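Listed below, chain by chain, are the residues.
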Amino acid sequence: MEKGKQLYEGKAKKVFETNDPTLVIVSYKDDATAFDGTKKGTIRGKGVVNNRMSNHLMRHLEKAGIPTHFVEELSDTDSLVKRVEIIPLEVIVRNVSAGSFAKRYGVEEGIEFAEPTFEFSYKNDDLHDPLLNTSHALALGLATPTEIEQIRTMALKVNDELRRYFADLGVRLIDFKLEFGRTLSGEIVLADEISPDTCRFWDSKTNEKLDKDRFRRDLGNVEDAYQEMMRRVFGEEA
């Protein structure tokens, strides 16, 4: 499958059309941004890590009954996926207090929640992705009540599956962001990526951060953290 015209370029990926109108090619970049794009940089090897890890995890989730956009891994940085209309709702699931949650509510990082929290933000760069509730999402026509319930159910199932998966690798899944899309036939599927860019990963024993927070907070060893997550997921084959 060859790349056609570029359809989109975001902060971390490019999307190209193919000769099949139902499929597109996603190409992952090493570019890194934070804080609404005000901080920019490059994380060497990030595109490979995010592409391969996302594909691996989406295969895992498909086996658990969660539909995704993934079709085929074409190269270390390129993947063939179903063409979807991204629903402009970012879904954030949290298991432990960290990041904006800790800042927003004035609590320390590292508090384990009795139950995961679930929140939406409006995927809109100009508005800085504001938080919104189900009523707001319906009022703005972002999704139907049925779609919102589907998304909530799927996101919490993703959390259950990935928490178990990463626990076996000695990693705590602190929180993560998901995006969902509608295929051309109208099916809701998990889209975007699952990677150190979109998840917070802490080592189970030391709580060392193994994700994009190392870039956000200038903690150093950013590439090493991404490569360590690659090793945890793929073992020696990485």
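Residues numbered from 1 in each chain as written. Predicted model: local features only at pLDDT ≥ 70, side-chain atom pairs only at ≥ 80, totals over all residues. Heavy atoms only, no water.

Trainee: Any chance you could break down the pairing of strand E12 (residues 171-183) for me, citing the residues and the numbers?
Mentor: For E12, the buried fraction is high: twelve of the 13 residues fall into the buried class. Sheet topology places strand E9 (residues 89-96) next to E12; four bridges connect them, and they run antiparallel. Its bridge partner being in E12, Ile92 is matched across the sheet by Lys177. By the bridge criterion, five bridges tie E12 to strand E14 (residues 199-203) in an arrangement that is antiparallel. Of the residues in E14, the one forming a bridge with Asp175 is Arg200. (Buried < 20%, exposed > 50% of the residue type's maximum accessible area, 1.4 Å probe, protein only. Helix = DSSP H or I, 4+ residues; strand = E, 2+ residues; numbered from the N terminus. Pairing = 2+ DSSP bridges.)

Trainee: I'd like a rundown of helix H1 (residues 46-63), residues and numbers included.
Mentor: Relative to the 26 Å expected for 18 residues at 1.5 Å per residue, H1 spans 26 Å between its end C-alpha atoms, a close match to the ideal helical length. The complete set of buried residues in H1 reads Lys46, Gly47, Val49, Asn50, Asn51, Arg52, Met53, Ser54, Asn55, Leu57, Met58 and Leu61. Just downstream of H1 lies Gly65, where phi reads positive at about 90°. (Expected span 1.5 Å × (residues − 1).)

Trainee: Go over the nonpolar core, please, and point to the residues and values.
Mentor: Among the nonpolar cores identified, the biggest contains 48 residues, and Leu89, Val91, Phe166, Leu178, Phe180, Ile194 and Phe201 are the most heavily contacted of them. Of all the elements, helix H4 (residues 145-167) adds the most residues to this core, at eight residues. Those residues in contact with Val91 that lie beyond four places of it in its chain are Phe118, Glu119, Phe120, Ile151, Ala155, Phe176, Lys177, Leu178 and Phe180. (Core = buried A, V, L, I, M, F, W, Y, C linked by side-chain atoms within 4.5 Å. Contact = heavy atoms within 4.5 Å.)

Trainee: Break down the pattern of salt bridges for me, with residues and values.
Mentor: For the structure shown, the criterion picks out 28 salt bridges. Linking Lys13 and Asp192 is a salt bridge whose minimum nitrogen-to-oxygen distance equals 3.0 Å. In this pair, Lys13 sits in strand E2 (residues 13-17) while Asp192 sits in the loop between strand E13 (188-191) and E14, placing the two residues 179 residues apart along the sequence. You'll find Lys13 and Asp192 in the same group, each marked buried. (Salt bridge = Lys/Arg side-chain N within 4 Å of Asp/Glu carboxyl O.)

Trainee: Mind laying out the packing of aromatic side chains, listing which residues take part and the relevant values?
Mentor: On inspection of all chains with the given rule, the structure shows five aromatic pairs. Centroid distance Tyr165 to Phe166: 5.2 Å. Interplanar angle 90°. Geometry classified as edge-to-face. As far as the burial class goes, Tyr165 and Phe166 line up, both buried. One aromatic cluster in this structure is built from Phe101, Tyr105 and Phe113. One cation-aromatic arrangement involves Lys39 over Phe215; the distance from NZ or CZ to the ring centre is 4.9 Å. Its guanidinium or amino end placed over the ring of Phe234, Arg52 lies 4.4 Å from that ring's centre, counting from NZ or CZ. (Phe/Tyr/Trp six-rings, centres within 6.5 Å; stacked < 30°, edge-to-face > 60°. Lys NZ or Arg CZ within 6 Å of the ring centre and 35° of its normal.)

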